[in-house]
Amino acid sequence: MRETSLSPADFMFPMFIAEGENIKVEIPSMPGIYRRSIDLTVAEVKELFALGIRAVNIYVKVNDDLKDNTGKEAWNPNGLMQQAIKAIKTACPEMIVMPDVALDPYSIYGHDGIIKNGDIANDETVDALVKMAVSHAQAGADFVAPSDMMDGRVLRLREGLDAAGFHNVGIMSYSAKYASAFYGPFRDALDSAPKEADIEVPKDKKTYQMDYANRIEAIREALMDVEEGADMVMVKPGIAYLDIVREVKNAVNVPVTVFHVSGEYAMIKAASERGWLDHDKIMMEQLMCIKRAGASLISTYFAKEAAILLKK
């Protein structure tokens, strides 16, 4: 009589990519998750595919000397992200690759957009995101995944991709991305937290990410993104926002992705290391509950562990 089931194909694995060769550095706040160089990333992708996982969401750790307030490294055709996309698609063509589209890894200020007059310049940022997304498509991306939360960017991305001839590259939009404290370990992984600066900058990301007290806004954001051309919408974080997942699922006619985020992962790891929780049972319960709430795809750092467990 079970109404919901899980399979490895329900999962997308977020991956962190670093410069160099044969690099594998564990992220202290995310036990079992690593920044890998492209060669080791490709090897890991092959393992994931063999387990039945069919999508990866990739992020890059950008060297400080490549960061500025324009984000221009984000659309460098020979940049780390572009090289990674090409390498993954060459080694494992059937793996769906969804690169992150946002400027925070490339920003000297750690923000998702270009800073101007002490705030985020929405339209200038969107111009940069279009260049970034087209460069990802040129490298072989199947979807682009804008996580920036700028206004109107989905329509501009769709127009930009189409104008460049990439009609079949999809958009998975972070539609309801909340200004959450659950992202701390992720920002450790990419060094992408907002930073002190010699100019006036927003002290956090609350001017463009959503207020976690809001529900109706999430539905409106998702509907707007679908109207602008999103092929999938995302709710982020996961477990603490399952009411939003269900509301969005009921409102839209496209697949809903849920990001089971770094802080949610870290809490389970920390509690299970102390013997307070049963790691595997809690992991599978949370993933099942996310699926039950309405997720068509779950982006989770547990993807590999859960797939191995399901295979058993």
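Residues numbered from 1 in each chain as written. Predicted model: local features only at pLDDT ≥ 70, side-chain atom pairs only at ≥ 80, totals over all residues. Heavy atoms only, no water.

A. Quick peek at the packing of aromatic side chains. Summed over the entire model, instances satisfying the criterion amount to 7 aromatic pairs. When the ring of Phe-16 is compared with that of Tyr-301, the centres are 6.0 Å apart and the planes differ by 25 degrees; the resulting orientation is stacked. Here Phe-16, found in strand S1 (residues 11-17), pairs with Tyr-301, found in the loop between strand S12 (297-300) and helix H10 (303-311); they are 285 residues apart in sequence, far enough to count as distant. Take Phe-16 and Tyr-301: they sit in the same class, and that class is buried. Put simply, the rings of Phe-16, Tyr-59, Tyr-174, Phe-259, Tyr-265, Tyr-301 and Phe-302 pair up and form one aromatic cluster. One Lys or Arg, Lys-236, reaches over the ring of Phe-259 and ends 4.6 Å from the middle of that ring. (Phe/Tyr/Trp six-rings, centres within 6.5 Å; stacked < 30°, edge-to-face > 60°. Helix = DSSP H or I, 4+ residues; strand = E, 2+ residues; numbered from the N terminus. Buried < 20%, exposed > 50% of the residue type's maximum accessible area, 1.4 Å probe, protein only. Lys NZ or Arg CZ within 6 Å of the ring centre and 35° of its normal.)

B. Just the UniProt feature "binding site: Mg(2+)" (unreviewed entry) in the protein, in detail. Mapped onto the present numbering, the UniProt feature "binding site: Mg(2+)" (unreviewed entry) falls at Glu-221. Topologically, Glu-221 is positioned in helix H6 (residues 216-228). Using a relative accessible area of 16% as the deciding quantity, one classes Glu-221 as buried. When residues no more than four places from it in sequence are discounted, the contact partners of Glu-221 are Ser-175 and Met-210. (UniProt positions renumbered as here; feature names shortened; annotations may be inferred. Contact = heavy atoms within 4.5 Å.)

C. Geometry of the pattern of salt bridges. What the rule picks out here adds up to 17 salt bridges. Linking Lys-291 and Asp-10 is a salt bridge whose minimum nitrogen-to-oxygen distance equals 3.1 Å. Within this pair, whereas Lys-291 is found in helix H9 (residues 279-293), its partner Asp-10 is found in the segment before S1, the two being separated by 281 residues in sequence. Take Asp-10: its relative accessible area is 11%, and that puts it in the buried class. Two residues, Arg-158 and Asp-162, come together in a salt bridge whose shortest N-O distance is 3.0 Å. One end of the pair, Arg-158, and the other, Asp-162, are both in helix H4 (residues 153-163), 4 residues apart, so they sit about a helical turn from each other. Given the relative accessible area of 13%, Arg-158 is considered buried. (Salt bridge = Lys/Arg side-chain N within 4 Å of Asp/Glu carboxyl O.)

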